[in-house]
Amino acid sequence: MNETLEFNEIYQEVKGTWNDGRLRFSKHTVVYKNSKTGKVDSIPVPELTQAQWRRVCLGHGIKLCTSTGNIYKYDGFKDTDLEKISEYFKANYKVELVEKDMCVKGWNWGTAKFNGPLLSFEVNESPVFEIPLSSVSQCATGKNEVTVEFHQNDDTEVSLMEVRFYVPPSTGEEGSDPVEAFAQNILSEADVIQATGDAVCIFRELQCLTPRGRYDIRIYPTFLHLHGKTFDYKIPYTTVLRLFLLPHKDQRQMFFVISLDPPIKQGQTRYHFLILLFSKEEDVDLTLNMNEDEVERRFEGKLHKNMSGSLYEMVSRVMKALVNRKITVPGNFQGHSGAQCITCSYKASSGLLYPLERGFIYVHKPPVHLRFEEIACVNFARGTTTTRSFDFEIETKQGNQYTFSSIEREEYGKLFDFVNAKKLNIKNRGFKEGMKGNDNMYSDSDDDQHDAYLERMKEEGKIREEANDSDDSEGESDESFNPGEEDDEIAEEYDSKASASESSADDGDSDGDRKKKPAKKAKFVKERKPRKKEEWEKKAEEAKKEYERAMREYKESGGGSSGSSKKERKKKGGKNEEKRKRKSGGGREKEKERATGNDSFKSREFISSEESSSESDKGKRRKRKGSDVEEEVASTPPSSEESGSD
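Just so you know, the residues in each chain are numbered from 1, in the order the chain's sequence is written. Whole-chain, interface and lining totals are the exception, using all residues; otherwise, since this is a predicted model, local features are given only for residues with pLDDT of at least 70 and side-chain atom pairs are given and counted only at 80 or more. Hydrogens and water are ignored here; the side-chain numbers use all heavy atoms of the structure.

Some thoughts on the confidence of the model for the protein
Then step 1. Each residue gets a pLDDT score, which is the predictor's confidence in that residue and runs from 0 to 100. Here the protein averages 75 in pLDDT, and 67% of its residues register 70 or above.
Then step 2. Segments assigned H or I by DSSP are reported as helices when at least four residues long, segments assigned E as strands when at least two residues long, and all are numbered from the N terminus. The weakest mean pLDDT in the protein belongs to helix α7 (residues 487–493) at 40; the strongest belongs to strand β27 (residues 359–363) at 94.
Then step 3. Within the model, the stretch residues 430–450 combines pLDDT values under 50 with 32 contacts to residues more than four positions away or in other chains.
Then step 4. Whether two residues are in contact is decided by their heavy atoms, any of which lying within 4.5 Å being enough. Counting contacts from residues 589–603, a segment whose pLDDT is below 50, to residues more than four positions away or on other chains yields five contacts.

As structure tokens, then:
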């Protein structure tokens, strides 16, 4: 037969929820590890007094009772597991595995039996249901009635709030109230916190980051009492999962973290972690409110009646002795700056990430603790804001993802080596392994070592360059197509350029070989990589020479002199034409007014632009037909007045 028996997907009921885990039977201990919280139940084999095999909602289950009064129930076994477990119990344990049937009659009248921390309601010696008294939060009595209230679990969609028992007045011993006796049996084992007696010790005005404020901490034998200005919290030691003592990055402060399950509540807010901040320079003299014999008998040398030292050392030492749990400290990890943590951001807040021997913890807002065994993979991602930092992503087996961003690139090598040494699955590691971290991890190198993150950044850089080139080519093709956009429109919009366009039109008349070129819009060129200085100076010199050559040709061809002479000729010709029109009579003017219509009311900008656009077309025609103007006037028929005089 095997030395051990192991079963996966075995469930344990915790305040109305089923938590899965692994159960292992060995010759010396029975060990169950909760997959969700990581809590371990270790039951020594000599303490086992009873073992039952029962049919439950999740298949079959085992109920184990110990000589210390504790009861453990594990469900999720198959029907075929009974024979295998029963034979193992007979061969290695002194306890026999007994089959026990549950009552399914549906009766609500029976007998209530108190068996240590368990209340069993039975009908005809068969259990109907059982209530763990540790889940009871309050017990109230009435006339022949006892009301039992339960702690609520935030992970459950539906919770059992209370159960009421009717206690007949005839039951119980003579001279005693059966209702009060029933309530006292419940309260003796219930998780009802009552601050009776004196505290073992008191720590005054401790700075608490979560929940925020300053609290007086009173240490009682079974619970921790936080007393603040606004809120009070009573924390049973049974709800404490882990204790952490973490040095701050500045090496002058210390974090003391208490992990809680279930969490403490403040309205709708849940606090799964209690975080205290201490200064290393703050000392305290502590005296326990117990005599020396009692201290020695209870704590077995872990604590003394009179102690002195740093405040954080005293708090952690007392908590370790009362809670009876180990204190977790950072391992051998050392960052680039020599600290045992990494500065990063989680969600909207900045904090510190501590790589531990068996997990990661982030403090302080919000606190996050991730064990290696619940991590599916990690990922080193490019920073979203700058290339001088990177993101560290952790994905759990439940599908949750935690992203710690804005980590300095100097920490990349240290963190990668740590993750690689812990044999965590790295999502973007390449095919090669054994990469060593260095300060130039993000720069180009000729090393043969494969850096998956560096290759990813190079690939993204190539994609960005190709996108920039495509954008430039598209921009040139778009700007070359400008329908209906001419120089006269530009002059029309800007008055100061109207004269410039007019002079350029006149220059086109004087020089017939030179063609008029349309002006292009100013094009926005995307920034390129800087070239050498000599190259730009050479281009500037060539452009200057080209400009001087073009200006010289422009002046030799007549410059702006022709434009002014033409304007004078236009004015003289206009006056002569006006005199001839007056002589020709008013009939001609009326016909012209009817033909032009509203054109006489054109604005100055429109007239100037019209002249500039039409003068170039009419210039040559005026020269050719200058002599024909007199003939047209002479051939005009005389008016009625002139004909009458003749």
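Some points on the sheet that holds strand β13 (residues 145–150)
Then step 1. When DSSP finds at least two bridges between two strands, those strands are taken to pair. Spatially, the three strands line up as an open sheet ordered β12-β13-β14, and their pairing is antiparallel. The open sheet has two edge strands, β12 (136–142) and β14 (162–166), and neither has a second partner. Recorded for the sheet is a direction-independent mean angle of 15° between the axes of neighbouring strands.
Then step 2. In terms of strand pairing, β13 meets β14 through five bridges, oriented antiparallel. By the bridge assignment for β14, glutamate 145 is matched with tyrosine 166.
Then step 3. Set on the sheet, helix α2 (residues 178–189) makes contact with β12, β13 and β14; between it and β12 the angle comes to about 175°. Axis definition: a line fitted to C-alpha atoms, over the contacting stretch in the case of helices. Angles run 0 to 180 degrees between N-to-C directions.

What to know about the sheet that holds strand β30 (residues 389–396)
Then step 1. What the seven strands build is an open sheet, ordered β28-β27-β26-β25-β31-β30-β29; its pairing is antiparallel. Each of the sheet's edge strands pairs with one partner strand only, and the pair in question is β28 (368–371) and β29 (375–382). With strand direction ignored, the average angle separating the axes of adjacent strands in the sheet is 30°.
Then step 2. Across four bridges, β27 lies against β28 in antiparallel orientation. Each residue of the ladder has a partner; that of tyrosine 362, found in β28, is valine 368.

As for helix α4 (residues 311–323)
Structurally, the α-helix is built with 3.6 residues per turn, so residues lying three or four positions apart point the same way.
Then step 1. A helix is expected to reach a length of 1.5 Å times the quantity of its residues less one. The terminal C-alpha atoms of α4 lie 18 Å apart, and with 13 residues this matches the ideal 18 Å at 1.5 Å per residue to within 8%.
Then step 2. Relative accessibility decides the category of a residue: with a 1.4 Å probe and only protein chains considered, values under 20% of the type maximum give buried, values over 50% give exposed, and everything between is partly exposed. Where burial is concerned, most of α4 is hidden: 10 out of the 13 residues are buried.
Then step 3. Inspection of α4 places Leu311, Tyr312, Met314, Val315, Ser316, Val318, Met319, Ala321, Leu322 and Val323 among the buried residues, and these make up the whole buried set.
Then step 4. Trailing α4 by a residue or two, asparagine 324 shows a phi angle of about 65°, which is positive.

Some words on the pairing of strand β10 (residues 118–123)
Then step 1. In terms of burial, β10 is largely enclosed, as six of its six residues are buried.
Then step 2. Of the strand pairs in this sheet, strand β9 (residues 111–115) and β10 are connected by five bridges, and their pairing is antiparallel. Counterpart to phenylalanine 114 in the pairing with β10 is leucine 119.
Then step 3. Counting the residues in the hairpin turn of β9 and β10 gives two residues, including glycine 116, whose phi is positive at 65°.
Then step 4. For β10 and strand β11 (residues 126–132), the ladder comprises six bridges, and the chain directions are antiparallel. Bridge assignment links valine 123 to a residue of β11, and that residue is serine 126.
Then step 5. Here β10 folds back onto β11 in antiparallel fashion, the turn holding two residues, of which asparagine 124 has a positive phi close to 55°.

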